[in-house]
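In case you want the letters, here they are:
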Amino acid sequence: MVQIGKSVEAAATSEVLVRARQRAALVPDLLVEARRVANTVIAGWHGRRKRGIGENFWQFRPYVEGEARSRIDWRRSARDDHVYVRDREWEAAHTVWLWADPSPSMLFQSTSADVSKESRSLVLVLALAELLSRSGERIAWPGLTDPFTARNGAERLAAHLAHALSQPSKPDLSQIRRMSDLVIASDFLDPAESTINWLAPLADRGVRVHLIEIADPAEETFPYAGRTEFRDPETGGKMTTGRAESIADDYRREYLARRHELMAWCRRIAWSYTVNHTNQLASDALVRVHMMMTAEFGPGLGGAP
Amino acid sequence: MSFLSLAFAQPLILYGLLALPVIWWLLRLTPPRPQIEVFPPLQILARVLKPEETPHKSPWWLTLLRLTLAALVILALADPVFRPAKNVGSGGSVLALIIDNSWPAAREWDKRQATAERLINDAGDSGIPVILALTTDAENVEIGPFAAEAARDRLRAAMPRPVPADRHMTYAKIVDAIDGLSDTTLALLTDGLAGPDDEGAFAQLLASNIGRIVWAAPRSLDTIGLTSADNQPKAMIVKAIRPTSDTPPRQFTVHALDDKGRRIGEATGLFGAGVSETTAELKVPFELRNDFDSIVVEGENLASAVHLLDENSRRRRVGLISASEADQSQPLLSPLYYIRNALLPFADLIEAETSDLAKAVPELIDDKPAIVVMADVGTLPQEARTKLIDWIESGGTLIRFAGPRLAAAENDDDLLPVRLRLGERALGGTLSWTEPQPVAEFPAQGPFFDLAAPRDVVVRRQVLAEPTPDIVERTWASLADGTPLVTGAKRGEGTLVLFHVPPEATWSNLPITGSFVEMLHRVVQFSRNQGRLEQSADGKPATLAPYRMISADGALIPPPPDARPLVLGSEIPPVTITNPPGFYGGGEGVVAHNLLDASARFEPIARPGTNVPITEIRYAFDEQRDLKGWLIALAILLLALDSLAVFWLGGVFAWRSAAKAGRASATVAAMVALGAGLYVIPALAQNTDAKPGDAEAIEAISLTRIAYVLTGDSAVDSISRAGISGLNRFLIEKTALEPGEPAGVDIAVDELSFYPLIYWPVDPAAPMPSAAAIARVDAYMQQGGTVLFDTRDQYANGFGALGASPATLRLREILASLNVPPLEPVPPDHVLTKSFYILRQFPGRYADAPLWVEASLDAENSENRPVRTGDGVSSIMITAADFAGAWAIDQSGRPMLPTVPGNPLQRVYAYRSGVNIMMYMLTGNYKSDQVHLPILLERLGQ
């Protein structure tokens, strides 16, 4: 029988960069263009005089039912009987940290997928880098670069990646300051608790994190049948099952439970969680993440597409 | 090595079973190889996967399956045999096999055959020759020694015979055959019945060099034989015997069959305990009894259980004696006339050649008749009388009729049942007060008791019996006043009957009534023939050809090839293979030759006492079964199961995705559809009367198509095709006719009748069409088709008869074998000139070429008619103008060939010619009728 999934070679950074630029050039450009038209009146490369994500105070406004309570400014609210929310100014030079999971499990690609997870994650991250750089945002790769602003941000990021000999499986996130954005593209196959434990300090620090789960369709649908030995590319662990199709339902339940747990957690702390299957278009996730980054904070924005 | 009635030919291989634990260990250690898959979410899977569901070993049932498989193969290799047979036939230097294939062996003959075959097989296995003797065979049949294979063939050809075993002769042959051979194994497969001289037979056998004896006799002997059937007045008594060894009480049923095998009588008999002889009574009316052909013991199916009845026990011979047979010219007055006619249907009549009673009576009695009828014989010569009395004493029946001579004769106690008064008594008449007497009811004690008394019979004169004390019981029929009319009495075994009237209509009208026939018939039925005829008419011993024989299993069969005619002598010939039991004779009369005579007995055969070792075996089928094939088959089955299980474990049968399932079901559906199609298509083909070429025919006639003859020259053919295409296009543009594609026809093969017009470009280079092809064209023209010959040589012809071009010569050649009518160039008033366009000439590629058509010579052509009359369509048109060349267009619709001369209008006229020709083809002389249109309209208007 033909193997359903295999581990592929790590994608060449330059090739990924090309694809990322193609992605970035096609779909999200339109969005950026639209925004620019809308923002012409406000004008200025950095002068986005409107509320949005940023580090500086913009205004207090009354709390509206349904907004995340964590955003209530209790100090201002204590001064009178109303409850206020502190809006921040859309900071032009926003810092967005980008990170794609370099672990071996990301190298997986099944027959029904177009690309490997690693390739997809790099494409997404570099496309975001391209977009953000074009908008003048500061981008950075934890453990690899400090935040920088450059028109050719994606290119430089790719260059850094190409020269990085080895990356730790979990980057050092301690240098990420509050009000920054962090984009993590990974498969999040570790148990949800460990992921939550890993990212929880960021929530405490007020970093807004966008999780992009890159999922291979084979991982989700579990199309295996018959006597099958499964091998973990990360740990090298083996597991043999007599009739793989018999445990498919249980597996799918377990797999989706992990995703739903992460999703629920993200929704609770107003992070976004995007799922991108490698047999779908990268643009879908790109558009969605982009939208999440430019959108207001608020409930109901997180969650699966 | 044998246990559980199993034996192994190669028991050492069974030690291979010791390897089973090793195989088990190996099987446990080598699970089926899994499909290896890289799978990143292994941690999630690990939570789902229970530890016991990760077999590192084969499932136990798979191991068991494979172990069974291995064990089966080992067992099969050891050549197991179920119920092995004892080997008794292989010893000594030769096996002398003596088989009784006499009639008792017909029961379970196949078992006996199987037993013998086993013995032969044993002998064959040990390579010793076989002497095979059948005890019913003739003396000259070869008995061997044979090789085992030849002996087997002979055994298979052997059949049970319906004759007793001739052991004495057969054993003598065996003794001769084994003379000089040492250490013979003698196998005696007996039928269980003792023969006439068994002791002597065995003695001569045992005196020779016998190493050991294998003895087989039937386990039980329960044969029933029918030895005789005696037709008594009240019933037919059947005597049955059974073997003396068969002692328990036994009931049996016999039934009687007629000559068509229908069962017409049935009786049961009973053997008491220890009794081996009994009788059964078939109580059936006389008439039916005479139809008996054979008597059979039900369910016996043996030759002994069939007793055949012949004419001897049925049809009686009747001798007729009369003293007054003088006047042959007045037959109705002959005293024997009525007797002869009454007896003829159911008796053989014998009449003495002389009227001399001294010679006639012994002569008749030598024929051993059942009955002698004496009509009005008063006295007999002493010698004849003595002979007649002896004959009566031994069972003959004498019927006497009264008459003037008897009335005048002395009383004769030995030949008359009653004493008679001298003279006769006349009833009624001028001198008597008495009236003629009718017949009274038949007395109950007489043989006529169940006959209806004839009311219309009157007796005017009779002889009177003396009144004696026993007169009443001797009276079989009497008159109304009590005087006897028929009297009868027993004399020894025989019977005397006296009719007190003569056998003619003088004294009474009894002889001319039906009752007379019935009474005679009844008396005849009581009588019995006194022996069988032994000599034919010319004095030689009579021989009777075999007619229908009894087979060993009791069925009536046609005579076998070795049956010989039965020679009737002073004693009955014995039942032998040349005279098997059955009917001998022919359709007009047969003699029964029965297997058992009245004195037959069934004695069980005795095993001869001897000091030679005797092995007793039983008749049985070979129950030895070689199990190797079954075990191998079972092992293969298990192997298939194992493969299926492996596939199942490997997940081949798990069609998870709907797409796959859909594909699979689609595949299955397609296969089913294909199968159904394969099944249905022949059925459809059978149901319709479709013929090959139907599609072409339908295609040819669904559109009007113009045909052209394929000349074989591709240039000519392509121009023809293009030309007709061009004409088609022109027709479609200008007329209502929309012809189909041009049809190229091979005149030798294709059906021509589909096309109204065939364009034939005459090509001198092409081979001359065969005579058959020309005949086809001729037939086509006779049936209404038209051929347009185009020689295309308008400017190639020279002058005069010698100037004909090759194409013209070829055309002449073709036309020579066609029925061509007289031709003429198209006259100016021909329909062709007006059928669509008005044309004066018919140019093609070449101008000025005339178009020749069938001459309408007798057409009247009045001055004022624009078109000449005429019926039909010219079946032939000949031109030299090369129409196709003018019509030919290429793909883009441009003309292919220039016209000669290069006048553009000429092409138009060529097309118009084509249109006119086509319209003429399709509408015939319609246009010539159209000329009447003004007149018709005018008339209609009135």
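Just so it is clear, the model here is predicted, and its values are computed rather than measured.

What counts, and where the lines are drawn
- Residues numbered from 1 in each chain as written.
- Chains lettered and ligands numbered in written order.
- Predicted model: local features only at pLDDT ≥ 70, side-chain atom pairs only at ≥ 80, totals over all residues.
- Helix = DSSP H or I, 4+ residues; strand = E, 2+ residues; numbered from the N terminus.
- Buried ≥ 20, exposed ≤ 12 C-beta atoms within 10 Å, placed from the backbone.
- Contact = placed C-beta atoms within 7 Å.
- Pairing = 2+ DSSP bridges.
- Axes fitted to C-alpha atoms, helices over the stretch in contact; angles between N-to-C directions.
- Core = buried A, V, L, I, M, F, W, Y, C linked by C-beta atoms within 7 Å.
- Parallel < 35°, antiparallel > 145°, perpendicular 65-115°, else oblique.
- Nonpolar A, V, L, I, M, F, W, Y, C, P; charged D, E, K, R; others polar.
- pLDDT = per-residue confidence, 0-100.
- Arc of directions from axis to C-beta.

Remarks on the overall build of chain A
Phase 1 of the analysis: When helices and strands are counted, chain A shows eight helices and 11 strands.
Phase 2 of the analysis: Expressed as a percentage of the 305 residues in chain A, the buried residues total 39%.
Phase 3 of the analysis: In chain A, the proportion of contacts linking residues at least 24 apart, taken out of those at least 6 apart, comes to 75%.

As for the environment of A:Ser135
Residue and element names in this part refer to chain A.
Phase 1 of the analysis: By secondary structure assignment, the location of Ser135 is in the loop between helix 3 (117-134) and strand 6 (138-140).
Phase 2 of the analysis: Owing to 20 C-beta atoms within 10 Å, Ser135 belongs among the buried residues under this scheme.
Phase 3 of the analysis: Taking C-alpha positions, Ser135 is 9.7 Å from Thr149, a pair spaced 14 residues apart along the chain.

Examining the sheet that holds strand 15 (residues 306-308) of chain B
Residue and element names in this part refer to chain B.
Phase 1 of the analysis: What the four strands build is an open sheet, ordered 12-11-14-15; its pairing is antiparallel. Every other strand in the sheet has two partners, leaving strand 12 (263-271) and strand 15 as the edge strands with one partner each. Going from strand to strand, the sheet's axes swing by 20° on average, the running direction of each strand aside.
Phase 2 of the analysis: Strand direction decides the pairing type here: strand 11 (residues 250-257) and strand 12, joined by eight bridges, are antiparallel. Residue Leu257 lies in a different strand from strand 12, and its bridge partner there is Arg263.

Considering the nonpolar core
Phase 1 of the analysis: Membership of the largest hydrophobic core comes to 82 residues, with the highest contact counts inside it found for B:Leu95, B:Ala96, B:Leu97, B:Val130, B:Ile131 and B:Ala187.
Phase 2 of the analysis: The element that contributes the greatest number of residues to this core is strand 5 (residues 94-99) of chain B, accounting for six residues.
Phase 3 of the analysis: Grouped together as the second largest cluster of nonpolar side chains are 71 residues, A:Val96, A:Tyr224, A:Ala225 and A:Ala244 included.

So, the packing of helix 18 (residues 714-734) of chain B against helix 22 (residues 904-923) of chain B
The packing of two helices is summarised by the inter-axis angle and the distance between the axes.
All names here are of chain B.
Phase 1 of the analysis: Their axes nearest at 10 Å, the elements helix 18 and helix 22 cross at an angle of 75°. Classified by the angle between their axes, helix 18 and helix 22 sit roughly perpendicular to one another. Packed against helix 18, whose contacting residues are Leu727, Phe730, Leu731 and Lys734, the element helix 22 presents Tyr911, Gly914, Val915 and Met918 at the interface.
Phase 2 of the analysis: Among the residues forming the contact of helix 18 with helix 22, the class breakdown is six nonpolar, one polar and one charged.

A look at the sheet that holds strand 4 (residues 95-100) of chain A
By definition, the strands of a sheet pair up through backbone hydrogen bonds, in either a parallel or an antiparallel sense.
All names here are of chain A.
Phase 1 of the analysis: Reading across the sheet, the five strands line up as 6-4-7-8-11 and stay open at both edges, with parallel pairing between neighbours. Looking at strand neighbours, the two that pair on one side only are strand 6 and strand 11 (272-277), the edges of this open sheet. Strand-to-strand twist in this sheet, taken as the mean axis angle between neighbours without regard to direction, amounts to 20°.
Phase 2 of the analysis: Bridge count between strand 4 and strand 6: three bridges; the pairing is parallel. Within strand 6, the residue paired with Val96 across the bridge is Ile139.
Phase 3 of the analysis: Contacting strand 8 (208-215) and strand 11, helix 7 (residues 248-268) runs over the sheet at an angle of about 145° to strand 11.

Here's the deal with the environment of B:Ala76
All names here are of chain B.
Phase 1 of the analysis: Counting through the fold element by element, Ala76 comes out in helix 3 (residues 60-77).
Phase 2 of the analysis: For Ala76 and Ala635, which are 559 residues apart along the polypeptide, the C-alpha to C-alpha distance reads 9.0 Å.
Phase 3 of the analysis: Setting aside residues no more than four positions away along its own chain, Ala76 makes contact with Lys628, Leu631, Ile632 and Ala635.

Regarding the confidence of the model for chain B
All names here are of chain B.
Phase 1 of the analysis: Per-residue confidence for chain B averages 79 on the pLDDT scale, and 85% of its residues sit at or above 70.
Phase 2 of the analysis: Counted against residues more than four places away or in other chains, residues 534-538, with its pLDDT under 50, gives seven contacts.
Phase 3 of the analysis: For this predicted complex, the interface confidence reaches an ipTM of 0.71, while the overall pTM sits at 0.42.

Concerning the pairing of strand 26 (residues 494-499) of chain B
All names here are of chain B.
Phase 1 of the analysis: Burial analysis of strand 26 places six of its six residues in the buried class, which makes it a mostly covered element.
Phase 2 of the analysis: Judged by which residues are buried, strand 26 turns out to be covered on both faces: Gly494, Leu496 and Leu498 on one side and Thr495, Val497 and Phe499 on the other are all buried.
Phase 3 of the analysis: Bridge count for strand 19 (residues 397-401) against strand 26 is five bridges, and the pairing is parallel. In the strand pairing of strand 26, Ile399 is matched with Val497.
Phase 4 of the analysis: Pairing analysis gives six bridges linking strand 25 (residues 484-491) to strand 26, with the strands arranged antiparallel. Bridge pairing in strand 26 places Lys490 opposite Thr495.
Phase 5 of the analysis: What sits between strand 25 and strand 26 in their antiparallel hairpin is a turn of two residues, with Gly492 showing a positive phi close to 65°.

With respect to the interface of chain B and chain A
Phase 1 of the analysis: With 27 residues of chain B at the interface, the matching set in chain A holds 38 residues.
Phase 2 of the analysis: Of all the secondary-structure elements, those providing two or more residues to the side of chain B that touches chain A are strand 3 (35-38) and helix 2 (42-48) of chain B.
Phase 3 of the analysis: The element best represented in the side of chain B that touches chain A is helix 2 of chain B, accounting for seven residues.
Phase 4 of the analysis: Residues belonging to the side of chain B that touches chain A are distributed by class as follows: 17 nonpolar, six polar and four charged.
Phase 5 of the analysis: The pairing of strand 9 (residues 228-231) of chain A with strand 3 of chain B spans four bridges and is parallel. Across the sheet, residue A:Arg231 finds its bridge partner in strand 3 of chain B, namely B:Val38.

Side note on unusual backbone geometry
Residue and element names in this part refer to chain B.
Phase 1 of the analysis: With omega at -5°, the peptide bond leading from Val900 into Pro901 counts as cis.
Phase 2 of the analysis: Among the secondary structure elements, Pro901 is positioned in the loop between helix 21 (883-887) and helix 22.
Phase 3 of the analysis: The residue Asn301 is not glycine, and still its phi comes out positive at about 55°.
Phase 4 of the analysis: Within the fold, Asn301 resides in the loop between strand 14 (294-297) and strand 15.

Section: helix 7 (residues 198-206) of chain B
All names here are of chain B.
Phase 1 of the analysis: Along helix 7, the residues classified as buried are Ala201, Phe202 and Leu205. An end-on view of helix 7 places all buried positions within 95° of arc, on one side of the element.
Phase 2 of the analysis: Residues of helix 7 that are buried sit in contact with helix 6 (167-177).

Some points on the environment of B:Leu302
Phase 1 of the analysis: Its location among the elements puts B:Leu302 in the loop between strand 14 and strand 15.
Phase 2 of the analysis: Distance in space between the C-alpha atoms of B:Leu302 and B:Ala555 is 8.0 Å, their sequence separation being 253 residues.

Points about the pairing of strand 25 of chain B
For a regular strand, side chains alternate in direction, first toward one face of the sheet and then toward the other.
Phase 1 of the analysis: As defined by bridge partners, strand 24 (residues 475-478) of chain B adjoins strand 25 of chain B across three bridges and the pair is classed as antiparallel. Note that in strand 25 of chain B the partner of B:Ala477 across the bridge is B:Val486.

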